[in-house]
Amino acid sequence: MKTNYKKYLAEGTLIIFSVLFALFINKLFDDYQTNQKKVAALESIEQELLRNQSILKNWKEKHIAIRDRISSILEGESDSLKMELLKFNYLNLGILTDNESLIDAILIDTAWESARSTGIVSEFDFETTQKLTLVYSMQDVLTDRTIAKILDYYFDTNSHDMENLERILVQFQLRFWELTGQEELMMTVYQDALEQLEE
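Residues numbered from 1 in each chain as written. Predicted model: local features only at pLDDT ≥ 70, side-chain atom pairs only at ≥ 80, totals over all residues. Heavy atoms only, no water.

Pulling in residues and values, what's your account of the overall build of the protein?
Helix and strand counts for the protein come out as 6 helices and 0 strands. Overall, the protein shows an N-to-C arrangement of helices and strands of α-α-α-α-α-α. What you see for the protein is a C-alpha radius of gyration of 29 Å, clearly larger than the 16 Å of a compact globule of 199 residues, by over 25%. Projected onto its principal axes, the C-alpha positions of the protein cover 110 × 30 × 20 Å. Residues classed as buried in the protein amount to 36% of the 199 residues present. (Helix = DSSP H or I, 4+ residues; strand = E, 2+ residues; numbered from the N terminus. Rg over C-alpha atoms; globule rule 2.2 N^0.38 Å. Buried < 20%, exposed > 50% of the residue type's maximum accessible area, 1.4 Å probe, protein only.)

Written as structure tokens, this is what we have:
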């Protein structure tokens, strides 16, 4: 009887050990897969931020040039530009943009949204999540509000009343000052986030 008891105890212990070992192996494998997804997500986000940073740098240069053209007209330093504007019965934005589009590429958030929708963001450390949330929130403000306000103002019929050109240009100047200020801040925020991802 004692022999059977020892035998059952040994077999029971072996079964428990086997189950626990299998669970341990599964946990290791799950952790490995989660870590691989986390690394892939962070690499994708880093590439996305680098791309967006490059786009923003180009935007900033163009928008500063537009802002400066508007300022030079308002300050009376560029009468030729003002005369060119007055040739039209509407505000020809092409004159202010040097016949380039206001926005020639878009800032994307695909990698960030993918990481959020799959839940892998929960694996990021707090500071990384905080910096990335700030980057993408500011990016949304820049594109969905500030640029949208400029376009809304341009498509408002009152913005094409050439008798009030100076007032219209002041409004554009204010909007472009806000835009270029936000773009400057975004460059800093991008850099901070990229440095955090490199740690």
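Let's pick the thread back up.
Just give me the short version of the side chain of Gln139, but keep the residues and values in it.
Its place among the elements puts Gln139 in helix α5 (residues 126–155). Note on Gln139: relative accessible area 2%, which makes it buried.

Before we move on, could you go through the packing of aromatic side chains and cite the residues and values that matter?
With the rule as written, the count across this model stands at 5 aromatic pairs. Arranged with centres 5.1 Å apart and planes meeting at 70 degrees, the rings of Tyr153 and Phe172 form a pair that is edge-to-face. Pair noted here: Tyr153 is in helix α5 and Phe172 is in helix α6 (residues 165–198), with a separation of 19 residues, a long-range link. Taken individually, Tyr153 and Phe172 each receive the classification buried, so the pair is uniform in this respect. (Phe/Tyr/Trp six-rings, centres within 6.5 Å; stacked < 30°, edge-to-face > 60°.)

How would you explain unusual backbone geometry if you had to name every residue and give the values?
Negative phi characterises most residues that are not glycine, and trans characterises most peptide bonds. Even without being glycine, Asp98 reaches a positive phi, approximately 60 degrees. Within the secondary structure layout, Asp98 lies in the loop between α3 (93–96) and α4 (110–118). Accessibility expressed as a relative area gives 48% for Asp98, which makes it partly exposed. Although it is not a glycine, Asn99 sits at a positive phi angle of roughly 60 degrees. With respect to the secondary-structure elements, Asn99 resides in the loop between α3 and α4. Asn99 sits in the exposed class, given a relative accessible area of 67%.

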